[in-house]
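Chain by chain, the residues:
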Amino acid sequence: MTLRIYDTATRSVRDFVPKEAGKVGIYLCGLTVQSAPHIGHLRGGVNYDVLRRWLTRSGFEVTFIRNVTDVDDKILVKSIDQRRPFWSIAYANEVILGAAYRSLNVLPPTYEPRATGHIPDMHELIKKLIADGHAYQADDGSGDVYFDVRSYPEYGALSGQRPDATQTQIADEVAERGKRDPHDFALWKGAKPEEPADATWPSPWGPGRPGWHIECSAMCWRYLGAEFDIHGGGLDLTFPHHENELAQSRAAGLPFARYWVHNGLLNLGEAKMSKSLGNVVDLDHVASVGVRPAELRYYLVASHYRSRIDYSDESLREAAVAYRRIEGFVRRAVERVGAGTIGEIPAAFAEALDDDLNTSAATAVLHDTVRDGQVGLAGGDDEVTLTTLGRARAMLDVLGVDPLDVTWAGAGQDGDLRAVVDSLVALALEQRAQARSRKDWAAADSVRDQLKHAGVVVEDTPHGPRWTIGEQD
């Protein structure tokens, strides 16, 4: 079965046929780094990381581009309010974003371009659009350049929002200087006296900065060529951002993306998670409710990428418990038969992911496999245990949550902390063993109860005591 994926442009699940056999080019709209990310932002990064891993596992050579928008209106407002250079704010948040992606085991992109590094590419596209009659410079001396939406008859095909049937997408653009039609959107924004002086670049139309949409078209063109396979992003970007990208790129003669893939939103209450609404959950909050990054990633991948997730602390904790069951099997199996190697992907798991990346069905296959492994463990069947461990790890690797992955198994500061905890628990277990040897059952139980109160669960096995953090099945 070949990969079939939902294409927003055709509103259908289509067989995935890459532009070049054996190779896939993906562009994911990254974040605008005006502030630190919340988990709604991170959902898309995790979802497309699974897509990338599955394509790689399926034998494709993947070029994965994820951009950073490091200059825009919101960043400039913060620059003025905080009296800081705009690039200082952008870079500080970019560093936080990178750390958040790494903490969730999101693979680094092939390239991660910044908008401010591609001004000349944007100029080339804008000049071509003007020459071909699809863009115009405002005649009021402002230096603004707009895309002429009426010049492109297919505008609205991606989102279904045709100009004649909609109001302008951004209300305050109606009053923008020099715009011929309220639906037209900015390609280049002339410098304004009230904006930071360092947020301008020279251009054929005077000093200024790029509009939001032209940035992505230019970076797609630079790194993936005139035509590429998959353009991804959140559902909320379909209009106006992706609609505008598509229009300006096609108008400039670029075939552009063959498939448009959009992930669903993560809601808190009745609205999408958003800094502007003040309804966000960040990684610090996730840690405060006792959920580790691996468990958060599992929570984000367990739902189909196109589904809406209605966040609650309770649902997050439930996902964490489900992951701990999987993790517990893996660690017990390793103790019994060794880590072995990552095995074959079960056919049912492959069929689920080939069916529009159905991670919900895929995780069901994973849990079935883990149950088989637990039966093997309980019955002392090392062959079954080793086989199911290999299959489970293969699936966990694609989902990015293999407990033996170095990200989760002890890298960096978390690894140092784990070593300290290991030593302290080992000391407590030694004291418990000494109490048991002298038949001081009260003292032995006291050690066990204190460990349990601290979140460390001790299980006596034929191979000696084993400890884990959290609930046991």
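Each chain carries its own residue numbering, running from 1 in the written order of its sequence. Residues qualify for local features only when their pLDDT is at least 70, as the model is predicted, and side-chain atom pairs are given and counted only at 80 or more; totals for whole chains, interfaces and linings, by contrast, use all residues. The side-chain figures draw on all heavy atoms in the structure; neither hydrogens nor water molecules are used.

A.B. asks: Explain the packing of aromatic side chains to me, please; I cannot follow it from the model alone.
C.D. replies: For any pair of aromatic rings, geometry is given as the distance between the ring centres together with the angle between the planes. Any pair of Phe, Tyr and Trp rings, taking the six-membered ring for Trp, is counted once the centres come within 6.5 Å. Such a pair is stacked with planes under 30 degrees apart, edge-to-face with planes over 60 apart, and tilted for the rest. Taken as a whole and judged by the stated rule, the model has twelve aromatic pairs. Taken together, a centroid distance of 6.3 Å and an interplanar angle of 55 degrees make the contact between W188 and W205 tilted. Of this pair, W188 sits in strand β7 (residues 185-190) while W205 sits in the loop between β7 and β8 (208-210), and the two are 17 residues apart along the sequence. Three labels apply to residues, based on accessible area from a 1.4 Å probe with only protein chains included: buried if under 20% of the type maximum, exposed if over 50%, partly exposed otherwise in between. A relative accessible area of 9% means that W205 is categorised as buried. Through successive ring pairs, a cluster of aromatic residues spans F16, F60 and Y259. When the NZ atom of lysine or the CZ atom of arginine is within 6 Å of a ring's centre and also within 35 degrees of its normal, the charge is said to sit over that ring. Positioned above the aromatic ring of Y101, the side-chain terminus of R66 is 4.0 Å from the ring centre. Each helix is a run of DSSP H or I of at least 4 residues and each strand a run of E of at least 2, with the numbering of both proceeding from the N terminus.

A.B. asks: Just checking my understanding: could you explain the nonpolar core for this structure?
C.D. replies: Grouped burial of nonpolar side chains is what soluble globular proteins tend to show. To define a nonpolar core, start from buried Ala, Val, Leu, Ile, Met, Phe, Trp, Tyr and Cys residues and group those joined through side-chain atoms within 4.5 Å. Y27, L51, F147, L187 and F349 are the most contacted members of the largest nonpolar core, which has 115 residues in total. It is helix α9 (residues 313-337) that contributes the most residues to this core, nine residues altogether. Whether two residues are in contact is decided by their heavy atoms: any pair within 4.5 Å suffices. Excluding its chain neighbours within four sequence positions, the residues that come into contact with L51 are L3, I5, I26, I230 and L357. Listed in part, the eight residues of the second largest apolar core include L429, L451, V458 and W467.

A.B. asks: Even after reading the chapter, I still don't get the environment of K452, so can you show me in this structure?
C.D. replies: Its location among the elements puts K452 in helix α15 (residues 441-453). Look at K452 and you get exposed, because its relative accessible area is 61%. Each C-alpha atom of the pair K452 and S103 lies 27 Å from the other, and the pair is 349 residues apart in sequence.

A.B. asks: Any chance you could explain the UniProt feature "short sequence motif: 'HIGH' region" (unreviewed entry) in the protein here in plain terms?
C.D. replies: UniProt positions are given in the numbering used here, feature names are shortened, and annotations may be inferred rather than shown by experiment. Residues annotated in UniProt with the feature "short sequence motif: 'HIGH' region" (unreviewed entry) correspond here to residues 31-41. In residues 31-41, the share of helix is 27% and the share of strand is 0%. The end C-alpha atoms are 8 Å apart.

A.B. asks: Please explain the environment of W221 as it appears in this structure.
C.D. replies: Along the chain, W221 falls in helix α5 (residues 212-224). For the pair W221 and Q374, spaced 153 residues apart in sequence, the C-alpha to C-alpha distance is 50 Å. Those residues within four positions of W221 in sequence are excluded, and the remaining contacts are D121, E124, L125, A226 and L254.

A.B. asks: Would you mind going over the sheet that holds strand β4 (residues 61-66) with me for this structure?
C.D. replies: In a beta sheet, neighbouring strands are held together by backbone hydrogen bonds and run either parallel or antiparallel to one another. DSSP-based pairing: two strands are paired if at least 2 bridges between them are found. Reading across the sheet, the four strands line up as β4-β3-β9-β10 and stay open at both edges, with parallel pairing between neighbours. Strands at the two margins of the open sheet, each flanked by one partner only, are β4 and β10 (256-263). Ignoring strand direction, the axes of neighbouring strands in this sheet form an average angle of 25 degrees. Sheet topology note: the strand β3 (residues 23-28)/β4 ladder contains six bridges and is parallel. Within β4, the residue paired with K23 across the bridge is E61. Along the sheet, helix α6 (residues 238-251) makes contact with β9 (227-234) and β10, crossing β10 at roughly 175 degrees. All axes here are fitted lines through C-alpha atoms, helices being fitted over the stretch that makes contact, and every angle between N-to-C directions spans 0 to 180 degrees.

A.B. asks: Help me understand the confidence of the model for the protein in this model?
C.D. replies: Low pLDDT means the predicted coordinates in that region are not meant to be read closely. On average, the protein scores 91 in pLDDT, and the residues at 70 or more come to 91%. Within the model, the stretch residues 411-416 combines pLDDT values under 50 with two contacts to residues more than four positions away or in other chains. Summary of the metric used: pLDDT quantifies the predictor's per-residue confidence within the range 0 to 100.

A.B. asks: Just checking my understanding: could you explain helix α12 (residues 382-399) for this structure?
C.D. replies: Along an α-helix, a turn takes 3.6 residues, which lines up residues three or four apart on a common side. To estimate how far a helix should extend, the number of its residues minus one is multiplied by 1.5 Å. Here α12 is 18 residues long and its end C-alpha atoms lie 25 Å apart, about the 26 Å a rise of 1.5 Å per residue gives. Along α12, the positions that sit buried rather than exposed are T385, T388, L389, G390, A392, R393, A394, M395, L396, V398 and L399. Residues of α12 that are buried sit in contact with α1 (39-57), α8 (293-301), α9, α10 (347-354) and α11 (359-378). The N-capping residue of α12, defined by a side-chain oxygen 3.2 Å from the backbone nitrogen of E383, is D381. At the exit of α12 stands G400, carrying a positive phi of roughly 80 degrees. In protein, a polar contact means a hydrogen-donor-capable atom and an acceptor-capable atom, both N or O and within 3.5 Å, with residues adjacent in sequence counting only if both atoms are side-chain atoms; elsewhere, any N or O pair within 3.5 Å suffices.

A.B. asks: For this particular structure, what's the right way to read α9?
C.D. replies: With 25 residues, α9 should reach 36 Å at 1.5 Å per residue; the first-to-last C-alpha distance of 36 Å fits that figure. Immediately downstream of α9, the backbone of G338 shows phi near 90 degrees, a positive value.

A.B. asks: How do you make sense of the packing of α1 against α12 when you look at a structure like this?
C.D. replies: Helix-helix packing: each pair is described by the crossing angle between the helix axes and the interaxial distance. Where α1 contacts α12, the two axes come as close as 7 Å, and the packing angle between them is 130 degrees. The angle between α1 and α12 places the two elements in the oblique class. Contacts between α1 and α12 involve V50, R53, W54 and R57 on the former and, on the latter, A394, D397, V398 and L399. Following the grouping adopted for this structure description, the nonpolar residues are Ala, Val, Leu, Ile, Met, Phe, Trp, Tyr, Cys and Pro, the charged ones are Asp, Glu, Lys and Arg, and the polar ones are all others, Gly among them. Considering only residue class, the contact of α1 with α12 consists of five nonpolar, no polar and three charged. Our angle categories are set so that under 35 degrees counts as roughly parallel, over 145 as roughly antiparallel, 65 to 115 as roughly perpendicular, and the remainder as oblique.

A.B. asks: Looking at this structure, how should I read the sheet that holds strand β5 (residues 135-137)?
C.D. replies: Spatial strand order, β5-β6-β7-β8: four strands in an open sheet with antiparallel pairing. The open sheet terminates on both sides in strands that have one partner only, identified here as β5 and β8. The sheet shows a mean angle of 20 degrees between the axes of neighbouring strands, direction not considered. Inspection of the sheet shows β7 paired to β8 by three bridges, in the antiparallel sense. Bridge pairing in β8 places G190 opposite G208.

A.B. asks: Looking at this structure, how should I read the pattern of salt bridges?
C.D. replies: When charged atoms on two side chains of opposite charge get close, those side chains can pair. The rule for a salt bridge is simple: a side-chain nitrogen of Lys or Arg has to be within 4 Å of a carboxyl oxygen of Asp or Glu. Enumeration according to the criterion identifies 27 salt bridges in this entry. R222 serves as the salt-bridge partner of D121, at 2.8 Å between the closest nitrogen and oxygen. Here D121, found in helix α4 (residues 119-131), pairs with R222, found in helix α5; they are 101 residues apart in sequence, far enough to count as distant. A relative accessible area of 10% means that D121 is categorised as buried. D368 is paired through a salt bridge with R371; the nearest N and O atoms lie 2.3 Å apart. With a gap of three residues between them, D368 and R371 both fall in helix α11, about one helical turn apart.

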